[in-house]
Amino acid sequence: MKTSRRQFLMTVAATGATLTATTHASAQAKLDEKDPAAVALAYTHDTKKVDGKKFPKHDKGQHCGNCALWQSKPTDAFGNCALFPGKQVDLNGWCSAYAKKG
Ligand code: SF4
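Residues numbered from 1 in each chain as written. Predicted model: local features only at pLDDT ≥ 70, side-chain atom pairs only at ≥ 80, totals over all residues. Heavy atoms only, no water.

Q: Tell me about the overall build of the protein chain, and name the residues and values.
A: Of the regular secondary structure elements, the protein chain holds two helices and two strands. Put simply, the protein chain runs from its N terminus to its C terminus through helices and strands in the order α-α-β-β. Sorting the 102 residues of the protein chain into buried and exposed places 25% on the buried side. Taking the contacts inside the protein chain whose residues are at least 6 apart along the sequence as the reference set, 57% of them involve residues at least 24 apart. For the protein chain, the exposed surface amounts to about 7200 Å²; the carbon and sulfur share of it is 60%. (Helix = DSSP H or I, 4+ residues; strand = E, 2+ residues; numbered from the N terminus. Buried < 20%, exposed > 50% of the residue type's maximum accessible area, 1.4 Å probe, protein only. Contact = heavy atoms within 4.5 Å. Areas by Shrake-Rupley, 256 points an atom, 1.4 Å probe, with all protein chains shown as cover.)

Here it is as structure tokens:
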């Protein structure tokens, strides 16, 4: 079957859009609380849900957005964390590796 120039260009455009969407989706993938790496550090999307008995040093003012390992803007709802490459953590999340920004 002969492909017309128009069909070819439409296919290339559609493929490009799919690749862009896929790349964008993986860059935006949110860390699952059940991910083994997240479980290992007791990561939660909501710092208010941290068990104070298990983590007595935790206080509700601690969250990803003011952690030294947060790598995004302080206003981003989700951002990158040095400990979870390729995943995004919640601005209001917390894990046991929390380190106050200095
Ligand atoms: Fe959030 Fe900091 Fe833990 Fe990363 S290290 S998940 S930014 S509390």
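Q: Go over the site of the ligand with me, naming the residues and quoting the values.
A: Around the ligand, a shell composed of Tyr-43, Cys-64, Cys-67, Leu-69, Trp-70, Cys-81, Leu-83, Phe-84, Trp-94, Cys-95 and Tyr-98 is seen. Looking at the shell around the ligand residue by residue, the classes come out as eleven nonpolar, no polar and no charged. (Near = heavy atom within 4 Å. Nonpolar A, V, L, I, M, F, W, Y, C, P; charged D, E, K, R; others polar.)

Q: Got a sec to walk through the nonpolar core? Specific residues and values, please.
A: Residues Leu-31, Ala-38, Tyr-43, Cys-64, Trp-70, Cys-81, Phe-84, Val-89, Leu-91 and Cys-95 constitute the largest nonpolar core, which totals ten residues. Beyond its immediate chain neighbours, meaning those up to four positions away, Cys-95 contacts Leu-41, Ala-42 and Tyr-43. (Core = buried A, V, L, I, M, F, W, Y, C linked by side-chain atoms within 4.5 Å.)

Q: Kindly report on the packing of aromatic side chains, identifying the contributing residues and their values.
A: For the structure on display, the rule yields two aromatic pairs. With centroids separated by 5.3 Å and ring planes inclined at 65°, the aromatic side chains of Phe-55 and Trp-94 adopt a geometry described as edge-to-face. Linking Phe-55 in the loop between α2 (36-40) and β1 (78-80) with Trp-94 in the segment after β2 (88-90), this pair joins segments that are 39 residues apart in sequence. Lys-30 extends its terminal NZ or CZ atom over the ring of Phe-78, reaching a point 4.5 Å from the ring centre. (Phe/Tyr/Trp six-rings, centres within 6.5 Å; stacked < 30°, edge-to-face > 60°. Lys NZ or Arg CZ within 6 Å of the ring centre and 35° of its normal.)

Q: Which residues make up the pattern of salt bridges, and what values go with them?
A: For the structure shown, the criterion picks out one salt bridge. Among the salt bridges present, the one from Lys-87 reaches Asp-35, with a minimum N-O distance of 3.5 Å. Linking Lys-87 in the loop between β1 and β2 with Asp-35 in the loop between α1 (5-27) and α2, this pair joins segments that are 52 residues apart in sequence. Residue Lys-87 is classed as partly exposed on the basis of its relative accessible area, which comes to 27%. (Salt bridge = Lys/Arg side-chain N within 4 Å of Asp/Glu carboxyl O.)

Q: Describe the environment of Gln-88, with residues and values.
A: Looking at the element boundaries, Gln-88 is found in strand β2. Residue classification places Gln-88 among the buried residues on the basis of a relative accessible area of 9%. Taking the C-alpha atoms as reference points, Gln-88 and Ala-77, separated by eleven residues in sequence, lie 9.6 Å from one another.

Q: Tell me about the environment of Lys-100, and name the residues and values.
A: Mapped onto the fold, Lys-100 is located in the segment after β2. By relative accessible area, Lys-100 is classed as exposed at 67%. With 36 residues separating them along the chain, Lys-100 and Cys-64 place their C-alpha atoms 9.4 Å apart. For Lys-100, the residues in contact, after removing those within four places along its chain, are Asn-66 and Ala-68.

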